[in-house]
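The lines below spell out each chain.
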Amino acid sequence: MTDSDSPAISKRLSTKNSKRAAHPNATVGIEIGYGTIYMVKLKKASEGGLFAEKWKTFEFDPSLKIESSGFATVLKNALKKFCGSSKELEIWAMPKLDKARIHHIKIPNVAPEGLPGAVYWGLQREDAFLEDETVVDFQIEEGEETSATLNITGALIERECVQNVQQAFSQTGYLLSGIGLPLLALRNLVNLHDDEKPEAPVLVCQLGQLSTTVSVLLEKRLVFTRNIPLGLQSLAETLVKEYDSNLVQREACKIVLNLGLEEAKFSLEERQDHEQAFTLLRPVLERTVRQIKRTVEYYQSNFDSEPIETIFLGGEIAARGKLFGFIAQQLSSKVIAIDPFDSQELHAKSPPPVDKADRIAFGPAFGLAIEGTREGINFAHTYKERQEEGKHNKL
């Protein structure tokens, strides 16, 4: 196949809505969580490693849709307070992309100009998609490629999701450099841990709003990923059904996210409500644990590697002590909540948050800011688009 008849990995997504700073001074990672925006600003430290200049959260009404003018107003105010000027900044966002599908494929070791086409057809065989409705990007997993093959991690997401994020930022005056994935952000943080055996596989779990993404890292490379359709929304729906049918989804989600926070913040009645809610959520949590165990068993029986002895949990729900504690107790492996401040490579201007839950909740935004320093998966500026841009610049 020639480059001219190779399908486009993604159609151009309005370049006015995304940009890369020519000489970025810092990278801002932004996770749009459930009712909370997490922002982190990272620079490269002069002594090596990373320097966390600042971090902050901004609350918003979770019923606001990301493409709405109401959310754009919230986002614009948050960006002004946190970033000030966008000059010399790389801004990466991570919205609610639980529906993203990740695949790991092997393709022939083709020339760079033929790589997008080879990946396109490889992903089509794994997970048929409509090109007009899907944005696709990929990265080469370094370290295991041979002279004949390449190992690729590819990701697919509905085009509308990406366009909604770009639309929100275009209304703020702050243009995006990248749109990333929570799983890849957490991978960056796990790879900063040097206390685990580098040759042993580890499991990374991103407990999201719609689903839980479970992935195996081997020698710092993604080698296997699975989506489990259980997340914050599943827990909230259980409370509406079993606890109080008069609860609206937003109230139920708030109860779930309050579980495991400092009990001193709540009244006796609220603490009792939390205990009752947690009891009702146990069956859903048990199903999640069973699915994680099955993922480990499947990987161990189909891949030739050492046993998985360590599991990393990340994301907003992992920051909730009761939820994390229950999952950790049910799993036989060593379970670690991903704390971005717990790394010798990360230097902070100010003391980290005192509350461990707050530190863990910042994890995806920290990992995304790290992703912004690399040429990885970027739904706002895909491999294909970067390649075409490079050709144009040469002309």
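Structure's up top.
Chemist: With reference to specific residues and values, describe the overall build of the chain.
Modeler: Regarding its fold elements, the chain presents eleven helices and 14 strands. For the chain, buried positions account for 56% of its 395 residues. Put simply, 70% of the contacts in the chain that link residues at least 6 apart link residues at least 24 apart. Put simply, the chain shows about 17,800 Å² of open surface, and 49% of that area lies on carbon and sulfur atoms.

Chemist: Let's hear about the nonpolar core: which residues, and what values?
Modeler: By size, the foremost hydrophobic cluster in this structure holds 111 residues, and its most contacted members are Ile30, Met39, Leu42, Phe169, Leu203, Phe366 and Phe379. Of all the elements, helix 7 (residues 268–302) adds the most residues to this core, at nine residues. With near-sequence residues (within four places) excluded, Phe169 lies in contact with Ile30, Leu75, Leu79, Ile91, Ala93, Tyr174 and Leu176. Leu115, Leu123, Phe129 and Val136 belong to the second-largest nonpolar core, a separate cluster that totals 13 residues.

Chemist: Residue-level account of the sheet that holds strand 12 (residues 310–314), with values.
Modeler: Pairing is mixed in the open sheet, where five strands are placed in the order 11-10-9-12-13. Each having just a single partner strand, strand 11 (221–228) and strand 13 (334–337) make up the two edges of the open sheet. Going from strand to strand, the sheet's axes swing by 20 degrees on average, the running direction of each strand aside. Judged from the six bridges that link them, strand 9 (residues 202–207) and strand 10 (residues 212–218) form a sheet pairing that is antiparallel. Counterpart to Cys205 in the pairing with strand 10 is Val214. Where helix 4 (residues 182–190) meets the sheet, its contacts fall on strand 9, strand 10, strand 11 and strand 12, and the angle it forms with strand 9 comes to roughly 135 degrees. Against the sheet, helix 7 makes contact with strand 9, strand 10, strand 11 and strand 12, and its axis sits at roughly 140 degrees relative to strand 11, the strand it touches most.

Chemist: Got a sec to walk through unusual backbone geometry? Specific residues and values, please.
Modeler: Notably, Glu88 is not glycine yet its phi reads approximately 60 degrees, a positive angle. Topologically, Glu88 is positioned in the loop between helix 1 (69–83) and strand 4 (89–94). By relative accessible area, Glu88 is classed as partly exposed at 42%. Of note in this structure, Glu219 is not a glycine but carries a positive phi near 55 degrees. By secondary structure assignment, the location of Glu219 is in the loop between strand 10 and strand 11. Glu219 sits in the partly exposed class, given a relative accessible area of 46%.

Chemist: Report on the sheet that holds strand 3 (residues 50–59), specifying residues and quantitative values.
Modeler: Spatial ordering of the open sheet is given by 8-4-1-2-3-14, a layout of six strands whose pairing is mixed. The sheet is open, and its two edges are formed by strand 8 (178–179) and strand 14 (346–348), each paired on a single side. Looking at chain direction, strand 2 (residues 36–44) and strand 3 are connected through nine bridges and run antiparallel. By the bridge assignment for strand 3, Val40 is matched with Trp55. Running at roughly 35 degrees to strand 2, helix 1 makes contact with strand 1 (26–32), strand 2, strand 3 and strand 4 of the sheet.

Chemist: Outline the environment of Leu207, listing residues and values.
Modeler: Within the element layout of this structure, Leu207 appears in strand 9. On the accessibility criterion, Leu207 (6% relative accessible area) is buried. Every residue in contact with Leu207, bar those within four places of it in the chain, is listed here: Thr212, Gly314, Ile317, Ala318 and Ile327.

Chemist: Tell me what's going on with the pattern of salt bridges, and back it up with residues and numbers.
Modeler: Summed over the entire model, instances satisfying the criterion amount to ten salt bridges. A salt bridge links Lys41 to Glu53, with the nearest nitrogen and oxygen atoms 3.0 Å apart. Residue Lys41 is located in strand 2, and its partner Glu53 is located in strand 3; the two are separated by twelve residues in the primary sequence. Each member of the pair, Lys41 as well as Glu53, carries the same accessibility label: buried. Across the pair Arg359 and Asp339 runs a salt bridge, and its minimum N-O distance is 2.9 Å. One end of the pair, Arg359, is in helix 9 (residues 356–361); the other, Asp339, is in the loop between strand 13 and strand 14, with 20 residues separating them in the sequence. Residues Arg359 and Asp339 agree in their burial class; the two are buried. In this structure, a network of salt bridges that share partners links the residues Lys41, Lys43 and Glu53.

Chemist: Explain helix 8 (residues 321–330) to me, using residue names and the numbers behind them.
Modeler: When we look at burial in helix 8, the residues that qualify are Leu323, Phe324, Phe326, Ile327 and Ala328. Here the buried face of helix 8 lies against strand 9, helix 6 (249–258), helix 7, strand 12 and strand 13.

Chemist: Any chance you could break down the packing of helix 7 against helix 8 for me, citing the residues and the numbers?
Modeler: As a packed pair, helix 7 and helix 8 sit with axes 10 Å apart at the nearest point and diverge in direction by 45 degrees. In terms of orientation, helix 7 lies oblique with respect to helix 8. Between helix 7 and helix 8 lies a crossing whose hand is right-handed. In this structure, helix 7 uses Glu275, Phe278, Arg282, Leu285, Glu286, Val289 and Lys293 to contact helix 8, whose residues at the interface are Lys322, Leu323, Phe326, Ile327 and Gln330. Per-class residue counts for the contact of helix 7 with helix 8 are six nonpolar, one polar and five charged.

Chemist: Give me the packing of aromatic side chains: which residues, what numbers.
Modeler: Summed over all chains, the structure comprises 13 aromatic pairs. With a centroid separation of 4.9 Å and an interplanar angle of 85 degrees, the aromatic rings of Tyr120 and Trp121 are classed as edge-to-face. Judged by relative accessible area, Tyr120 falls into the buried class, the value being 6%. Using a relative accessible area of 38% as the deciding quantity, one classes Trp121 as partly exposed. Each member of the aromatic cluster is reached from another via a ring pair, and the members are Phe224, Tyr298, Tyr299 and Phe303. Of note, Lys54 hangs over the ring of Phe82, and the distance from its end group to the ring centre comes to 4.8 Å. Against the face of Phe278 rests Lys322, its NZ or CZ located 5.4 Å from the ring centre.

Reading the values: rules and limits
Position numbers for residues count from 1 along each chain, tracking the sequence in the order it is written. Whole-chain, interface and lining totals are the exception, using all residues; otherwise, since this is a predicted model, local features are given only for residues with pLDDT of at least 70 and side-chain atom pairs are given and counted only at 80 or more. Note that water and hydrogens are dropped before the side-chain values are worked out from all heavy atoms of the structure. Secondary structure elements are taken from DSSP: a helix is a run of H or I of four residues or more, a strand is a run of E of two residues or more, and numbering for both begins at the N terminus. Burial classes follow relative accessibility: with a 1.4 Å probe on protein chains only, a residue under 20% of its type's maximum area counts as buried, one over 50% as exposed, and anything between as partly exposed. It only takes one pair of heavy atoms within 4.5 Å for two residues to be counted as in contact. Areas reported here follow the Shrake-Rupley algorithm with a probe of radius 1.4 Å; residue values treat only the protein chains shown as occluding. By nonpolar core is meant a set of buried Ala, Val, Leu, Ile, Met, Phe, Trp, Tyr and Cys residues that side-chain atoms within 4.5 Å join together. Two strands pair if DSSP finds at least two bridges between them. Fitted lines through C-alpha atoms give the axes, limited to the stretch in contact for helices. The angle between two N-to-C directions lies from 0 to 180 degrees. When a carboxyl oxygen of Asp or Glu lies within 4 Å of a side-chain nitrogen of Lys or Arg, that pair is called a salt bridge. The cut-offs work like this: below 35 degrees is roughly parallel, past 145 is roughly antiparallel, 65 to 115 is roughly perpendicular, and the gaps in between are oblique. Here a crossing is taken to be left-handed if its near helix is turned anticlockwise relative to the far helix by less than a right angle, and right-handed if that turn runs clockwise. Asp, Glu, Lys and Arg are counted as charged, while Ala, Val, Leu, Ile, Met, Phe, Trp, Tyr, Cys and Pro are counted as nonpolar; the rest, among them Gly, fall into the polar class. Any pair of Phe, Tyr and Trp rings, taking the six-membered ring for Trp, is counted once the centres come within 6.5 Å. Such a pair is stacked with planes under 30 degrees apart, edge-to-face with planes over 60 apart, and tilted for the rest. Here, over-ring charges are defined by two tests on the NZ atom of lysine or the CZ atom of arginine: distance to the ring centre within 6 Å, and angle to the ring normal within 35 degrees.

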